[in-house]
Amino acid sequence: MFDADVASRGLGIELVSAGEGVAVARMRVAATMLNGHAIAHGGFVFLLADTAFALACNSRGPVTVAAGAEISFVRPVRAGDLLVARAAERTRYGRSGIYDVTVTRDDEVVAEFRGRSRALPRPGGPSAG
């Protein structure tokens, strides 16, 4: 899945590891990612966390997409910072799941993300709502 993720790879996001409901991705913050306050635009931090979330929720096989997500920004991020996003499955129920992602700089938490996933029905399988 990550090989086909042009958006994430285009921003320099790297896959560190993924498997069985967990994933780790990282990104170096570029100067082009800064907002008018000279800190990283929150959308880029969200995108990194969302990428780790996507990798974790797709690690078991069925094609899975985001049903929703929220993020709390804890600390500002600056150009040159190396961010690491660690995603972990909290629960799966039916075709849905909940995943938490912690984004860190060194050992310091900069953001916490919670994503809700939904596995798509298999082609030709029964459709569920």
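Because the structure is predicted, anything quoted here is derived from the model rather than measured. (Residues numbered from 1 in each chain as written. Predicted model: local features only at pLDDT ≥ 70, side-chain atom pairs only at ≥ 80, totals over all residues. Heavy atoms only, no water.)

### A word on unusual backbone geometry
Argument step 1. Of note, E20 is a non-glycine position whose phi angle comes to about 50°, a positive value.
Argument step 2. Structurally, E20 is set in the loop between β1 (14-19) and β2 (22-28).
Argument step 3. A residue is classified by how much of its surface remains accessible, and E20, at 57% relative accessible area, is exposed.
Argument step 4. Of note in this structure, A38 is not a glycine but carries a positive phi near 65°. (Helix = DSSP H or I, 4+ residues; strand = E, 2+ residues; numbered from the N terminus. Buried < 20%, exposed > 50% of the residue type's maximum accessible area, 1.4 Å probe, protein only.)

### Details of the pairing of β2
Argument step 1. Pairing geometry for β1 and β2, over 5 bridges, is antiparallel. What sits directly across from L15, in β2, is A25.
Argument step 2. Pairing of β2 with strand β4 (residues 82-93) involves 7 bridges; the strand directions are antiparallel. Bridging across to β4, A25 finds its partner in A85. (Pairing = 2+ DSSP bridges.)

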